[in-house]
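# Residue-level structural notes
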Amino acid sequence: MTHLLEHLPHLLLHTLLDTCKLLPFLFLTYLLMEYLEHKSGGKLERMLLRSNRIGPLVGGLLGVIPQCGFSAASVGLYTGRVITTGTLLAVWLSTSDEMLPILISEGTSPVLILKILGFKLVAAILAGFAVDLVARALRKHNHLQTPAPQIEDFCEREHCRCEEHFVLSALRHTAKITLFIFLITFALNVTIEGIGEDRLAALVLDRPVIGNLLAATVGLIPNCASSVVLTELYLGGVIGVGSMLSGLLVNAGIGTAILLRNNRPVRDSLRILLLLWCLGAAVGMLVDLTPLALLF
């Protein structure tokens, strides 16, 4: 403990310097993301509305586009039963949230970033189609009809400050995520210093299944902080790519909280969250326990 306390000022300064280095890259990335979102003007949502049975394909492709809020917006479409469960899950599974800005700002290889995004996209599309296929089979077996769309319901949204200029929005996002990164990096540095890097890594890396389950559980937290934590742990070598994917596939930002608040019945929302958790954990395990990990 005395050793750790002696190193706290050094760890604090080291964390501050590392965080400051990321600022310009984070801001430029968020500036681009906000510009794309403001220019889209609801076009992505309208594309999703027209997708019909190829919804998971369209949802996965739209979800992977680097912009904020689409995973939350898709909840409104699902709440009105305009899109299917598989399409909603495809959007959530493919969305990058805070992963992409952090990977770019940390100087991660573009090839690795594309591999991660591509893998998430393929997993999202396949999972979405599989969920819809099972759902249609169950409805047919039980002689149930698909619920009619309630279009007025999907206007219900979180306050997203749509009137805010994209530069101000980018600055707000950058400040918020920079604070998250600073706090999380400092906590990680203190933990690694106190426990030891080798011992800490062994706790997770030697137990891929447990690591996947824990990462998927962290990913369910309806906040961008969870994706920041998972990405930083991966970049720091504390968790492997499979565990990172488990958590980031599950992470849908504020979308899960909006689903719980707006969607009825509640058991339907819980069913979707359970599906999301199982899919994310299973895909991550598949990566960790098979040669798929060699792709990264």
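Residues numbered from 1 in each chain as written. Predicted model: local features only at pLDDT ≥ 70, side-chain atom pairs only at ≥ 80, totals over all residues. Heavy atoms only, no water.

## Details of the packing of aromatic side chains
In this structure the tally under the stated criterion is two aromatic pairs. On the numbers, 5.6 Å between centres and 75° between planes, the contact of Phe 119 with Phe 296 is edge-to-face. Of this pair, Phe 119 sits in helix α7 (residues 110–141) while Phe 296 is found in the segment after α14 (266–289), placing the two residues 177 residues apart along the sequence. The class for Phe 119 is buried, based on a relative accessible area of 15%. Classification of Phe 296 as partly exposed rests on a relative accessible area of 24%. With a centroid separation of 6.5 Å and an interplanar angle of 5°, the aromatic rings of Phe 182 and Phe 186 are classed as stacked. Placement of both Phe 182 and Phe 186 in helix α8 (residues 166–195) is noted, with a separation of four residues, approximately one turn of the helix. (Phe/Tyr/Trp six-rings, centres within 6.5 Å; stacked < 30°, edge-to-face > 60°. Helix = DSSP H or I, 4+ residues; strand = E, 2+ residues; numbered from the N terminus. Buried < 20%, exposed > 50% of the residue type's maximum accessible area, 1.4 Å probe, protein only.)

## Some details on the side chain of Thr 256
Among the structural elements, Thr 256 can be located in helix α13 (residues 255–262). For Thr 256, a relative accessible area of 3% puts it in the buried group. If we skip the residues at most four places from it in the chain, Thr 256 touches Trp 92, Leu 220, Pro 222, Leu 273 and Leu 276. (Contact = heavy atoms within 4.5 Å.)

## Describing the nonpolar core
Leu 88, Trp 92, Met 244, Leu 245 and Leu 259 are the most contacted members of the largest nonpolar core, which has 44 residues in total. Not counting residues up to four positions away in its chain, the partners in contact with Met 244 are Ile 116, Leu 230, Tyr 234 and Ile 239. Grouped together as the second largest cluster of nonpolar side chains are six residues, Ile 177, Ile 181, Ile 184 and Val 228 included. (Core = buried A, V, L, I, M, F, W, Y, C linked by side-chain atoms within 4.5 Å.)

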